Amino acid sequence: MKYIGIDIGGMSAKAGLVNELGEIVAKRTAETDKGTDTVEFIANMVHLTVDLLTDCSLTLDDIGGIGLGFPGSIADEAGVVRYCCNLNLKNVEFVKLFRSGLDFQKTIKISNDANCAVLAEARYGGAKGSKDVLMFTIGTGIGTGIISGGHLITGNISAGSEGGHTTLFVGGEQCGCGRKGCFEAYASATALINQTKAAVLKNPTSLLAEAVEKGGLNGKVAFDCAEKGDRAAMEVVDRYIKYLGEGIVNFCNIFYPEIVLIGGGVSNQGDSLIKPLQSYVDTNVYGKEYNPKIKVSKATLGNDAGIIGASLLCTL
Ligand SMILES: [Zn+2]
């Protein structure tokens with residue numbers, strides 16, 4: 001049976017028809033915008049679904065269900081989108097309204113997009129076959145997906161698994177959530193860019209400063225210059241890995257996973273990120289002398305994880 005998975009973001013919604021092997025056999029994208037009201041947003045998602053099926057010469061009767069991943073706070077069981085800061089959705093009975101707009105009686109499931117990503121990676125991707133998986137998606141913020149003992153951990157009314165907002169430094173850097181010192185205020189891609197910017201101001205004659213002047217600020221430039229031996233860049237990268245590693249170790253000490261997956265744009269640094277993170281976890285996790293090694297690895301499904309994982313919500 002095929003399922004539809006829809007990965008909703010602040011700029012676009014990507015819908016895919018996913019087969020029994022977890023392969024996306026057709027894809028279609030629609031724009032999303034914070035200015036779109038709820039009624040129009042739901043109508044757009046209905047159209048996106050119908051258009052995808054039409055592309056494949058299929059109808060709603062040919063699919064087993066539809067899953068949707070949102071970048072926000074979702075009450076999974078109730079089918080309610082509580083809040084998405086990049087979309088105009090607040091306490092929306094999404095499943096009910098989408099179901100009636102589509103006139104579809106089979107399964108419709110929704111969840112947070114980080115939960116979708118970890119489901120996909122644990123079934124088909126970098127953590128295939130593992131029952132205890134932590135996934136950190138590093139982007140504007142840090143999304144966390146937790147599978148423990150084979151179960152997706154979301155907390156009461158699925159309000160939990162917001163690992164980006166655990167505290168790394170009490171009273172530290174201001175976080176977008178309103179609190180200070182959150183993990184994501186130190187280890188997100190946004191934080192890495194801010195740390196790079198500060199290093200450029202402090203070291204105006206460094207290779208890092210020169211590279212930023214030429215190519216602009218991004219989450220990659222410090223890694224590139226560190227590889228060339230630039231001291232200012234090496235300091236940025238070492239400190240960033242310590243922040244990220246420390247946050248990851250905190251979660252490892254609670255869940256003790258078999259594998260930690262790193263996703264999002266920063267994970268494209270590959271070994272120059274993964275190897276030092278692996279060594280940080282090896283050195284710092286509690287009980288390291290006696291317990292199995294925790295593998296740190298790059299997520300493998302990339303942007304498809306959101307679509308595949310959303311479709312998997314229907315099979316939980
Ligand atoms: Zn926060």
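Residues numbered from 1 in each chain as written. Predicted model: local features only at pLDDT ≥ 70, side-chain atom pairs only at ≥ 80, totals over all residues. Heavy atoms only, no water.

**Observations concerning the sheet that holds strand E5 (residues 73-75)**
Here comes step 1: Strand order across the open sheet formed by three strands is E5-E6-E7, with antiparallel pairing between neighbours. The open sheet has two edge strands with one neighbour each: E5 and strand E7 (89-92). Strand after strand, the sheet turns through a mean of 20° between neighbouring axes, direction not considered. (Pairing = 2+ DSSP bridges. Helix = DSSP H or I, 4+ residues; strand = E, 2+ residues; numbered from the N terminus. Axes fitted to C-alpha atoms, helices over the stretch in contact; angles between N-to-C directions.)

**Some thoughts on the domain arrangement of the protein**
Here comes step 1: Domain assignment breaks the protein into domain 1 (2-119 + 304-315) and domain 2 (129-298).
Here comes step 2: Contact residues are listed per partner, giving ten residues for domain 1 and 14 residues for domain 2.
Here comes step 3: Here domain 1 meets domain 2 over a buried area of about 860 Å², counting both sides, of which 64% is carbon and sulfur.
Here comes step 4: Considering only the surface of domain 1 that becomes buried against domain 2, Arg82, Asn115 and Val118 emerge as the three largest contributors, covering 52% of it.
Here comes step 5: Where domain 1 meets domain 2, there are zero salt bridges.
Here comes step 6: Viewed at the interface, domain 2 and domain 1 are joined by three residue pairs in polar contact (both at pLDDT 80 or more). (Domains from an automatic or database assignment. Contact = heavy atoms within 4.5 Å. Buried area = accessible area lost by both parts, 1.4 Å probe. Salt bridge = Lys/Arg side-chain N within 4 Å of Asp/Glu carboxyl O. Polar contact = N/O pair within 3.5 Å; in protein donor to acceptor, adjacent residues only side chain to side chain.)

**Points about the pairing of E7**
Here comes step 1: As defined by bridge partners, strand E6 (residues 80-84) adjoins E7 across three bridges and the pair is classed as antiparallel. From the neighbouring strand, cysteine 84 faces E7, where its bridge partner is leucine 89.
Here comes step 2: Linking E6 to E7, which pair antiparallel, is a turn of four residues.

**Description of a negative patch on the surface**
Here comes step 1: The grouping of Glu31, Asp33, Asp37 and Glu40 at the surface amounts to a negative patch.
Here comes step 2: Of note, glutamate 31 is situated in strand E3 (residues 24-31).
Here comes step 3: We classify glutamate 31 as exposed; its relative accessible area is 71%. (Patch = residues over 30% accessible without salt bridge, like charges linked within 9 Å, V, L, I, M, F, W, Y side chains within 5 Å. Areas by Shrake-Rupley, 256 points an atom, 1.4 Å probe, with all protein chains shown as cover. Lys, Arg positive; Asp, Glu negative; His and termini not counted. Charge placed at Lys NZ, Arg CZ, Asp CG, Glu CD. Buried < 20%, exposed > 50% of the residue type's maximum accessible area, 1.4 Å probe, protein only.)

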